[in-house]
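Chain residues, written in single-letter form:
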Amino acid sequence: PVLLSDDSSHTVESLMSILLSRYLSRSRTDAVTETLFDALLQLIEELCRKTPSDPVVDALIHAITTSYNNPEFQVTDALLATGYSKDHIRRRFQQAAGMSPNAYLRKVRIRYAKRLLKQRDTLHLPIHEIALMCGYYDVAYFCRVFRRETGLTPTEYIEKTELKTEGS
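So, here's what we can say about the structure. Owing to the predicted nature of the structure, the values given are computational and were not obtained by experimental measurement. (Residues numbered from 1 in each chain as written. Predicted model: local features only at pLDDT ≥ 70, side-chain atom pairs only at ≥ 80, totals over all residues. Heavy atoms only, no water.)

A few points about the overall build of the protein chain
The cut-off we apply is this: Each helix is a run of H or I in the DSSP string that is no shorter than four residues. Each strand is a run of E no shorter than two, and both are numbered from the N terminus. Residue exposure (1.4 Å probe, protein chains only): buried if accessible area is under 20% of the type maximum, exposed if over 50%, otherwise partly exposed. Should any heavy atoms of two residues lie within 4.5 Å, those residues are counted as being in contact. Methods summary: accessible areas were calculated by the Shrake-Rupley approach with a probe of 1.4 Å, and residue burial reflects only the protein chains presented.
In terms of regular secondary structure, the protein chain is built from 10 helices and zero strands. Ordered by position from N to C terminus, the α and β elements of the protein chain give α-α-α-α-α-α-α-α-α-α. Counting across all 168 residues of the protein chain, residues that qualify as buried make up 33%. Partitioning the contacts of the protein chain with sequence separation of at least 6, the portion at a separation of at least 24 is 56%. When the accessible surface of the protein chain is split by element, carbon and sulfur atoms take 55% of a total near 10400 Å².

Below, the structure written as structure tokens:
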């Protein structure tokens, strides 16, 4: 058993409540429920990190994980909101998380993009909408970032995941 303390806005409690109500309804295995479950697991992972926590870094991670799908979200603004110098916070973040805040934001966005791309047929979303849902206005830029992070274009990733599901 793991004892968690929720954040001040009770994000985990809210997600668990929504997830439970959807599970108890007739739509137990729909794409929305799976996405909610993934988001909940991501929050639990964030809350259970074993390294000693740095409250400023934790606040930045929370800001990123709750705002990654907003194309207007800027890491620089989140860094400035801490009240410390941007370079100081970047170094603290790098030390605590093992990557820069921008790299962490990309990782979270690409992880979400992968989930949406796997469910593309179910959700009936074109790639430009997936890009927007992951925080990218420009679909070409999204495709470049996705390829740089995964080694595949979004279309190649879809084809690869379809081959895996057909082969299993």
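Next comes the rest of the write-up.
So, the environment of Lys86
By the element assignment, Lys86 lies in helix α5 (residues 86–97). Taking relative accessible area as the criterion, Lys86 reaches 31% and is therefore assigned partly exposed. Distance in space between the C-alpha atoms of Lys86 and Thr76 is 7.3 Å, their sequence separation being 10 residues. Excluding residues within four positions of it along the chain, Lys86 makes contact with Thr76, Leu79 and Leu80.

With respect to the environment of Leu40
Assignment of secondary structure puts Leu40 in helix α2 (residues 31–47). Taking relative accessible area as the criterion, Leu40 reaches 6% and is therefore assigned buried.

Describing the packing of helix α3 (residues 55–67) against helix α6 (residues 101–118)
We apply this condition: Lines fitted to C-alpha atoms define the axes, with helix axes restricted to the stretch in contact, and inter-axis angles between N-to-C directions lie between 0 and 180 degrees. Note on convention: near helix rotated counterclockwise from far helix by under a right angle means a left-handed crossing. Clockwise means right-handed. Three residue categories are used. Nonpolar comprises Ala, Val, Leu, Ile, Met, Phe, Trp, Tyr, Cys and Pro, charged comprises Asp, Glu, Lys and Arg, and polar comprises the others, including Gly.
At a minimum axis separation of 10 Å, α3 and α6 run at an interaxial angle of 35°. In this structure, the crossing between α3 and α6 has a hand that is right-handed. Here α3 contributes Ile61, Ile64 and Thr65 to the contact with α6, which in turn contributes Pro101, Tyr104, Leu105 and Val108. Of the residues in the contact of α3 with α6, the class split is six nonpolar, one polar and no charged.

Looking at the pattern of salt bridges
The following threshold applies: The salt bridge criterion pairs a side-chain nitrogen of Lys or Arg with a carboxyl oxygen of Asp or Glu, the two atoms within 4 Å.
Per the stated rule, a full pass over the model turns up three salt bridges. Residue Asp87 is joined to Arg90 by a salt bridge in which the shortest nitrogen-to-oxygen separation is 3.3 Å. In this pair, Asp87 and Arg90 are both assigned in helix α5, three residues apart and thus about one turn of the helix distant. The class for Asp87 is partly exposed, based on a relative accessible area of 47%. Measuring nitrogen to oxygen at the nearest pair gives 3.3 Å for the salt bridge that ties Glu149 to Arg106. Linking Glu149 in helix α9 (residues 139–150) with Arg106 in helix α6, this pair joins segments that are 43 residues apart in sequence. The partly exposed category is assigned to Arg106, whose relative accessible area is 26%.

Purely geometric stuff here, so don't read any function into it on its own.
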